[in-house]
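# An overview of the molecular structure
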Amino acid sequence: MINENNINELHHGLAVEVSRFSEGWRIFKKNKLALWGLIIFAVFFMVAVSGLFLTTGDNPVLDPSKVRLSEKLLKPFTTVDMEMIKPGDQPLFGTYLLGTDDLGRDIFARMMQGAWVSLTVGFVAVGISVLIGIIMGGIAGYYGMYRIKLIHVLFLIAFFCSMVFLASGQRGLAVNSALLSLLFAVISVIYNYFSLKVNRGPAILNILFFDTFTVDTLIMRFVDVMLCFPSFFLILTIVAILPASIYNIMIVIGLTSWMGTTRFVRAEFLSLREQDFVSAAKVMGIPDLSIIFRHMIPNAAAPVLVSAAIGVADAILTEAGLSFLGFGVPPPHATWGNVLSDGKRFLFDAPWLTYIPGLSILVVVLSFNLFGEGLRDALNPKLRKR
Amino acid sequence: MDVIMKHKSENEEPILKIKDLKVYFDTDDGVVKSVDGVDLQIMKGKTLGLVGESGCGKSVSCLAIPGLVPSPPGRIAGGEIIYKGRNLLDLPEKEMEVIRGNDISMIFQEPMTSLNPLFTIGDQIKETIMLHQKKGKAEAHELTLQMLGKVGIPSPAVRINDYPHQMSGGMKQRVMIAMALSCTPEILIADEPTTALDVTIQAQILDLMQSLQDEFGMSILLVTHDLGVVANIATDVAIMYASRIVEYGKVEDIFGNPRHPYTLGLFTSIPVIGKRKENLYVIPGSVPNPLAFPAGCKFWPRCLFAQEICKVNEPLLEEVKEGHKAACHFKTSIDKYVWNEKTETSSFLI
């Protein structure tokens, strides 16, 4: 047996506090591909941020929307012909680094401007989808076995109707169904109050408290319904209704891509919930929320991280696709997608107009995927040494 | 060491009383009565051994005490669990969270999976200490080191930063015990704590539990199917069969003078070292399907003494002598020697 003095001695002599971060970083460094992924991502991030500053303002350093009709469809690295354009219209360094498009706009400047859009679309959309996915999957996995009472179904239906009516502009119906859902909520609260007091609720209301289906059924069937829609066309439809803006696109992409994460998280939670360490945590009196967020989600993180990394790539591609079809960020603002789509008409005359944004998207998406995989390894404690 | 002396003194006061506990599971095939009217008392500072076959409801009884029966499909169909004058089954979830870990702790059968693989063992023990004892990080760290030292983990200051996969099964079970005892609970529920460990480690863990019991004065509810373990550390024994307690008493009474054929069967089926036998006795048949228990005494289809009355009337758990109860119609007439003769000649031998 060790007495207290010995413990203190050991504590001061040997205790090695290795932070989780430095351990993770050590493993991450070993994966060369993931490291390159991170480096490319960092460069991309800096390009996007500097692009944001360099292309905005009254007299930007890089003007992505300056039209120089005399200078159209120039090859990359063409030096500017000062006699053809007005002074002050020349691009940075006096060279079109990546050429010009059919309106003589500087592709380099347009790519710089578009980088920020791609970055934010990727992250915000995936952030939204992962957040919804974790919450929905977590509820389905942890609380899935509870049955929903009839009144709660009615409440949900009324609430959903009021949202639909509100969205379609029918104020009166929206208010009515909102009041109806409020009524159901009040009945539910009163019933619960009575059940607690006298162990039994009012008899007439019992019919409203029949068990229907489980929470799991509700969430997972909703996931199935969402997956049934071809998501790109769903996005197209919604974007066509909503006013065109970057933020709407981010939110819409996020709201239509959370289903995969939900399924992952639910599956992980179902297996984790049965594990002894979750029971052990419960026995130790650790609250439910703390068990879910501290103990279960980190254990479910590996598949979520990988799907999130791929999701970032997907979101960039979706935005590019939307811009390509003309539903994306409104012109004249440049995004990689609309640079690509503008260039497609000149595929044979000026192939760099499609190659440059296409390759950029490819490289960034690839780097995200590699980074995601490295991150998954870095979070696995089995790969850590003491 | 005066702590040890304090708890050696006789104290016959029950700290936890389970009265007529019923835990049912609603399944698609019908209601499974996993625990059906169990009465138990855990004495202060004593160890109660709960013995029974797999599936007889002992683990479910354990889970019901801290209120962890998975619900749905499980539900508490009746009974009371009285701890410090309060019925734990009536307490709201918020108050149960305070009792769990603080007053009632539990260790599990499988040490391999009962620690979170993503956190160091130190972090997991510290979490419990910080939650229940409202201690700061540094203080919790010190306490954790002390606890790890107490459960016999060498160089705790180094091992505190270990992940669970870096430890052996026995070490992990020690960590589990350290975690369970970190808030000095009144009651420790040990659900087959040594089943997954090899024999030498088993003995170490049992010794450890006993010495910690002496030090902290807690009560232990030890669930096991190993009578050797019970003989080793329990003071009281409850034998469980098919959702009910069939025999209950002091360890000397149960081992010296078993009064239920099932208990007798359990003893006869233990190999005795140095005693050569052609065949080892096996209680014939298997645990009845909990969806369709036999009428009358649930043990009669497997019982060598079964008479007509056994098939009709279910015997109640009644006293044979003070503090020794058995649920058998022939509890007074069952004789160890008759039993031995019967088992020697029994055609049930496999």
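Report on the accompanying structure. Everything quoted here is computed from the prediction, not taken from an experiment. (Residues numbered from 1 in each chain as written. Chains lettered and ligands numbered in written order. Predicted model: local features only at pLDDT ≥ 70, side-chain atom pairs only at ≥ 80, totals over all residues. Heavy atoms only, no water.)

## A short note on the overall build of chain B
Check the secondary structure of chain B and you find 13 helices and twelve strands. By the compact-globule yardstick of 20 Å for 350 residues, chain B fits well, its C-alpha radius of gyration being 21 Å. Seen along its three principal axes, the alpha-carbon backbone of chain B occupies a region of about 70 × 50 × 45 Å. A burial count over chain B gives 52% of its 350 residues as buried. (Helix = DSSP H or I, 4+ residues; strand = E, 2+ residues; numbered from the N terminus. Rg over C-alpha atoms; globule rule 2.2 N^0.38 Å. Buried < 20%, exposed > 50% of the residue type's maximum accessible area, 1.4 Å probe, protein only.)

## Section: the pattern of salt bridges
Residues and elements named next belong to chain B. For the coordinates displayed, the defined rule picks out 22 salt bridges over all chains. Close ionic contact of Asp103 with Lys84 constitutes a salt bridge, the shortest N to O distance being 3.7 Å. In this pair, Asp103 is assigned in the loop between helix H3 (93-102) and strand S6 (104-107) and Lys84 in the loop between strand S4 (74-83) and strand S5 (86-87), connecting sequence segments 19 residues apart. Judged by its relative accessible area of 15%, Asp103 is buried. By relative accessible area, which is 54% here, Lys84 ends up exposed. Across the pair Lys250 and Asp236 runs a salt bridge, and its minimum N-O distance is 3.1 Å. (Salt bridge = Lys/Arg side-chain N within 4 Å of Asp/Glu carboxyl O.)

## What to know about the packing of helix H4 (residues 107-142) of chain A against helix H13 (residues 301-325) of chain A
Residues and elements named next belong to chain A. Between H4 and H13, whose axes approach to 8 Å, the crossing angle comes to 135 degrees. Comparing the axis directions of H4 and H13 gives the class oblique. When the axes of H4 and H13 are compared, the crossing they make is right-handed. Packed against H4, whose contacting residues are Val117, Ser118, Val121, Gly122, Ala125, Val126, Val130 and Ile134, the element H13 presents Val304, Ala308, Gly311, Val312, Ala315, Ile316 and Glu319 at the interface. In the contact of H4 with H13, the residues fall into eleven nonpolar, three polar and one charged. (Axes fitted to C-alpha atoms, helices over the stretch in contact; angles between N-to-C directions. Parallel < 35°, antiparallel > 145°, perpendicular 65-115°, else oblique. Left-handed = near helix turned anticlockwise from the far one by under 90°. Contact = heavy atoms within 4.5 Å. Nonpolar A, V, L, I, M, F, W, Y, C, P; charged D, E, K, R; others polar.)

## A short note on unusual backbone geometry
Residues and elements named next belong to chain B. Non-glycine residue Asp20 carries a positive phi angle of around 50 degrees. Of the residues examined, Asp20 reaches a relative accessible area of 38% and is grouped as partly exposed. A positive phi angle is found at Thr184, which is not glycine, with a value near 40 degrees. Judged by its relative accessible area of 44%, Thr184 is partly exposed.

## A word on the packing of aromatic side chains
According to the stated counting rule, one finds 16 aromatic pairs over all chains in the structure shown. Here the aromatic rings of A:Tyr143 and A:Tyr146 are separated by 6.3 Å at their centres, their planes lie at 35 degrees, and the arrangement is tilted. These aromatic residues form a ring-pair network of at least three members: A:Trp25, A:Phe28, A:Phe41, A:Phe123, A:Phe368 and A:Phe371. The ring of B:Phe293 carries the charged tip of B:Lys298 above its face, separated from the ring centre by 4.6 Å. (Phe/Tyr/Trp six-rings, centres within 6.5 Å; stacked < 30°, edge-to-face > 60°. Lys NZ or Arg CZ within 6 Å of the ring centre and 35° of its normal.)

## Describing helix H7 (residues 215-228) of chain A
Residue and element names in this part refer to chain A. Over its 14 residues, H7 runs 20 Å from end to end, which matches the ideal 20 Å to within 8%, given 1.5 Å per residue. Residues Val215, Asp216, Ile219, Met220, Val223 and Met226 constitute the buried set of H7. Taken down its axis, H7 places every buried residue within 115 degrees of arc, on the same side. In this structure, the buried residues of H7 make contact with H4, strand S3 (147-149), strand S4 (211-214), helix H9 (246-255) and helix H10 (259-273). (Expected span 1.5 Å × (residues − 1). Arc of directions from axis to C-beta.)

## Details of the side chain of B:Lys58
Residue placement: B:Lys58 occurs in helix H2 (residues 58-64). Here B:Lys58 falls in the buried class, since its relative accessible area comes to 4%.

## Looking at a nonpolar patch on the surface
A surface patch of nonpolar side chains, about 520 Å² in accessible area, is lined by A:Trp36, A:Ile39, A:Val43, A:Phe45 and A:Met46. Mapped onto the elements, A:Val43 comes out in helix H3 (residues 32-54). (Patch = residues over 30% accessible without salt bridge, like charges linked within 9 Å, V, L, I, M, F, W, Y side chains within 5 Å. Areas by Shrake-Rupley, 256 points an atom, 1.4 Å probe, with all protein chains shown as cover.)

## Focus: H3(A)
Between its first and last C-alpha, H3(A) extends 32 Å over 23 residues, near the 33 Å set by a 1.5 Å rise per residue. Along H3(A), the positions that sit buried rather than exposed are A:Ala34, A:Leu35, A:Gly37, A:Phe41, A:Phe44, A:Ala48 and A:Gly51.

## Focus on the sheet that holds strand S11 (residues 318-321) of chain B
Through backbone hydrogen bonds, the strands of a sheet pair up, either in parallel or in antiparallel fashion. Residues and elements named next belong to chain B. Across the sheet, which stays open at both edges, the eight strands sit in the order S6-S7-S8-S3-S9-S10-S12-S11 with mixed pairing between neighbours. For this open sheet the edge positions go to S6 and S11, each flanked by a neighbour on one side alone. Each strand axis lies, on average, 25 degrees off the axis of its neighbour in the sheet, ignoring direction. Both strand S10 (residues 244-250) and strand S12 (residues 324-326) contribute to a ladder of two bridges, which runs antiparallel. Bridging across to S12, Tyr248 finds its partner in Lys325. (Pairing = 2+ DSSP bridges.)

## Re the pairing of strand S8 (residues 219-224) of chain B
Residue and element names in this part refer to chain B. In terms of burial, S8 is largely enclosed, as six of its six residues are buried. With burial as the criterion, each face of S8 is covered, one bearing Ser219, Leu221 and Val223 and the other bearing Ile220, Leu222 and Thr224. Bridge analysis of strand S3 (residues 47-52) against S8 gives five bridges, and the strand direction is parallel. Looking at S8, one finds that Gly49 is bridged to Leu222. Inspection of the sheet shows strand S7 (residues 187-191) paired to S8 by five bridges, in the parallel sense. Note on S8: the bridge partner recorded for Ala190 is Leu222. Viewed along the sheet, the connection from S7 through helix H8 (residues 199-216) into S8 turns out right-handed. (Right-handed = clockwise from strand over helix to strand, strands pointing away.)

## Let's talk about the sheet that holds S5(B)
Residues and elements named next belong to chain B. Judged by pairing direction, the sheet is antiparallel, and its four strands sit side by side in the order S2-S1-S4-S5 without closing on themselves. Across the chains shown, the open sheet's two edge strands, defined by having one partner strand only, are strand S2 (30-43) and S5. As judged from the eight bridges shared by strand S1 (residues 14-27) and S4, these two strands associate in the antiparallel manner. The residue bridging Lys22 from the neighbouring strand is Gly78, located in S4.

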